[in-house]
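Here's the letter readout for the chains.
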Amino acid sequence: MNQIADILKLAREAQQQQVDAVLATVVRTEGSTYRRAGAMMLICEDGRSVGMISGGCLEPHIIKRAFWLTRDGANVQVYQTGDDIEYAENGNVRASVSEEGFDFDRGSDNKGTDNKYDEQDIDLDELNFGLGCNGRVHVLFERLATAMPLLNVISQVRQSQQPVTVATLIRSTIHFNIQNNPNSQLQIGLRLNLDNYIKSGKLTAIDANHSDKVVSNASSTVIHAIESLSEYKLLHKNAEYVIVKDDSDDLATEWLIQRPQPQIRLLICGAGNDVMPLVTMAKLQDWHVTVVDSRAQYATQRRFPEADRVMVLALNDSDTLLKLSKNATIALMSHSLSQDRARLGVLLEHANHYKYLGQLGPRYRTERLIEEISTTLTHPTSLNLGIKKLHYPIGYKLGGDGPEALALGIMAQVNAVVHNQLPPAENSDTHLSNTNFTTLFSTHIDSIETTAISARASKSLS
């Protein structure tokens, strides 16, 4: 399973078993780092943990420190992976704290102060792990009770297939005393629903019960921050670190904007043995996988235990096919001309319905299917957009042989298409060839229609 799925599963188990846990989230990165903002790790007090926020170098340290760091509430710590390493007299690496640090609870900078305290006595956890990556990782630590609102949002997105934009406060330069004002709006870990504000103009915070609670009497700082954040556009990232300053640039708040995305949905039409490794690889990526086939002896959950859904789908059931293919990626690999012809005929006419469509088999086979489908249509040109979007033969040619190599090529191509990445140079001719076929197909269809019009005109004159 994917780390997000594992984290959600363990969080639910911890709640049910009344076991406390700490969620560690990467909120900012600088330089070269293994994970990006938004990466998460869940640590339970009974020793269980899932997820990764680095390549494995920070996790042992974080597991040991997570509960101690959150004893007074949520806070952000900074970890370095540079070359500047201190060594003890016995030759072992000694963790050191950077000279430059931030007190995230009070929002004040501690520059030029002596921060080299014993590791067990410091709140600031800016440590140099000497890994040579020369990067910095800023990590938000919070107990499960305060982290559940975000995890609930992620669960809801996975169920509803609708993304949600959440802003989490990770630092403020505004001086405020949490002990004297426990209800302060500017506590580390405060989460606001940006989508609700954009739609309704209401400032809502996401609480532990996942009910968006309207924030009344919000300070001008919070209102200014939410107004600025609501105008911020995430580009190709699902999480990004943002600084919001006031008009005078004196006060600032730092936020992590996250937009959890629905799972990529993979619909596989065909339930042969070569589909099995594709299902396994897709589930490793945390995709939602549906396998359909018109042959009941193939489409069984026992053959595909990892798939989210396996069903027998009749060839004439176009409504169900379109429902399953909505916003999905689709792999046609039934090894059956009748099945591929039926599925392809429906899908080519609904090209805006899905994100990706790939057809298994040699090029001439697919083009023969398209020709056969076109002869049954009153307006064959309705296939043009679908043909341009169709990838055939399916998958990148990465080398190797067998179902596993095929599955790897399919996964690589689908990932590239979904994430708007250019194909490798040696695979770029596939799209060009498809485009050429579309042009030839359109010319062929135009010729047929012109001939038909001329025949009708001659008949009417006679």
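Residues numbered from 1 in each chain as written. Predicted model: local features only at pLDDT ≥ 70, side-chain atom pairs only at ≥ 80, totals over all residues. Heavy atoms only, no water.

**Observations concerning the overall build of the protein chain**
Secondary structure assignment for the protein chain yields 12 helices and 22 strands. Every one of the 462 residues in the protein chain was classed for burial, and the buried ones make up 46%. Of the contacts made within the protein chain by residues no fewer than 6 positions apart, 65% connect residues no fewer than 24 positions apart. Of the roughly 23400 Å² of accessible surface on the protein chain, a fraction of 49% belongs to carbon and sulfur atoms. (Helix = DSSP H or I, 4+ residues; strand = E, 2+ residues; numbered from the N terminus. Buried < 20%, exposed > 50% of the residue type's maximum accessible area, 1.4 Å probe, protein only. Contact = heavy atoms within 4.5 Å. Areas by Shrake-Rupley, 256 points an atom, 1.4 Å probe, with all protein chains shown as cover.)

**Focus on the side chain of Asn193**
When you line up the elements, Asn193 lands in strand β12 (residues 191-193). Polar side-chain contacts of Asn193 include one of 3.1 Å to the backbone nitrogen of Asp195. (Polar contact = N/O pair within 3.5 Å; in protein donor to acceptor, adjacent residues only side chain to side chain.)

**Some remarks on unusual backbone geometry**
In this chain, Tyr392 is followed by Pro393 through a cis amide linkage whose omega measures -5°. Non-glycine residue Gln161 carries a positive phi angle of around 65°. Counting through the fold element by element, Gln161 comes out in the loop between α3 (144-160) and β11 (166-172). For His335, which is not glycine, the phi torsion reads 60° and is therefore positive.

**Side note on the side chain of Glu59**
For Glu59, the location among the structural elements is in helix α2 (residues 59-69). With no salt bridge to any partner, buried Glu59 finds its closest opposite charge in Arg35, at an N-O distance of 6.6 Å. The contact partners of Glu59, leaving out residues within four places of it in the chain, are Met41, Met52, Ile53 and Ser54. (Lys, Arg positive; Asp, Glu negative; His and termini not counted. Salt bridge = Lys/Arg side-chain N within 4 Å of Asp/Glu carboxyl O.)

**Topic: the pairing of β11**
In terms of residue burial, β11 counts as a mostly covered element, since seven of its seven residues are buried. In this structure, β11 lies alongside strand β16 (residues 252-258), joined through six bridges in antiparallel fashion. Looking at β16, one finds that Thr168 is bridged to Leu256. For β11 and β12, the ladder comprises three bridges, and the chain directions are antiparallel. In the sheet register, Ala167 faces β12, and the bridge partner there is Leu192. (Pairing = 2+ DSSP bridges.)

**Structural notes on the packing of helix α7 (residues 318-325) against helix α8 (residues 337-348)**
Here α7 crosses α8 at 65°, and the two axes come no closer than 10 Å. Handedness of the crossing formed by α7 with α8: right-handed. Judged by residue contacts, Ser318, Leu321, Leu322 and Ser325 of α7 engage Arg343, Val346 and Leu347 from α8. Grouping the amino acids of the contact of α7 with α8 by side-chain chemistry returns four nonpolar, two polar and one charged. (Axes fitted to C-alpha atoms, helices over the stretch in contact; angles between N-to-C directions. Left-handed = near helix turned anticlockwise from the far one by under 90°. Nonpolar A, V, L, I, M, F, W, Y, C, P; charged D, E, K, R; others polar.)

**What to know about the pattern of salt bridges**
For the coordinates displayed, the defined rule picks out 16 salt bridges. One salt bridge in this structure joins Asp293 and Arg295, with 2.9 Å as the shortest N-O distance. Overall, Arg295 belongs to the partly exposed group, its relative accessible area being 24%. Bridged by salt links that share partners, the residues Lys9, Glu13, Asp46 and Arg48 form one connected network.

**A short note on the sheet that holds strand β21 (residues 356-359)**
If you walk across this open sheet you meet the six strands as β19-β18-β17-β20-β21-β22, and the pairing is parallel. For this open sheet the edge positions go to β19 (309-312) and β22 (390-391), each flanked by a neighbour on one side alone. Note that strand β17 (residues 265-269) and strand β20 (residues 329-332) share four bridges and pair parallel. Residue Ile268 lies in a different strand from β20, and its bridge partner there is Ala331. Along the sheet face, α7 touches β17, β18 (288-293), β19 and β20 and points at about 145° away from the line of β17.

**Quick look at helix α6 (residues 276-284)**
Among all positions in α6, only Pro277, Leu278, Val279, Ala282 and Lys283 are buried. Contact partners of the buried residues in α6: β17, β18, β20 and α11 (403-418). Backbone geometry just downstream of α6 places Asp286 in the positive-phi region, at approximately 65°.

**Considerations on helix α9 (residues 363-374)**
Given a rise of 1.5 Å per residue, 12 residues ought to cover 16 Å, and the 17 Å separating the end C-alpha atoms of α9 matches this to within 8%. Within α9, burial applies to Arg365, Thr366, Leu369, Ile370, Ile373 and Ser374. (Expected span 1.5 Å × (residues − 1).)

**Observations concerning the confidence of the model for the protein chain**
Per-residue confidence for the protein chain gives a mean pLDDT of 80, with 73% of residues at or over 70. Every residue in residues 90-124 scores below 50 in pLDDT, and together they form 78 contacts with partners more than four places removed in sequence or on other chains. Here residues 175-183 is a poorly scored stretch, pLDDT under 50, and it has six contacts once near neighbours within four places are set aside; other chains count. (pLDDT = per-residue confidence, 0-100.)

**A word on the packing of α6 against α11**
At a minimum axis separation of 8 Å, α6 and α11 run at an interaxial angle of 45°. Relative to α11, the element α6 lies oblique. Like other packed secondary-structure pairs, α6 and α11 cross with a definite hand, here right-handed. Two secondary-structure elements touch here, α6 through Pro277, Leu278, Met281 and Ala282 and α11 through Pro403, Glu404, Ala407, Leu408, Ile410 and Met411. (Parallel < 35°, antiparallel > 145°, perpendicular 65-115°, else oblique.)

**Description of the environment of Gly361**
Of note, Gly361 is situated in the loop between β21 and α9. Classification of Gly361 as buried rests on a relative accessible area of 18%. For the pair Gly361 and His335, spaced 26 residues apart in sequence, the C-alpha to C-alpha distance is 7.9 Å. Residues contacting Gly361, with those up to four places away along its chain left out, are Thr366 and Pro393.

**Some words on the environment of Arg65**
Locating Arg65 in the fold gives a position in helix α2. With 76 residues separating them along the chain, Arg65 and Phe141 place their C-alpha atoms 10.0 Å apart.

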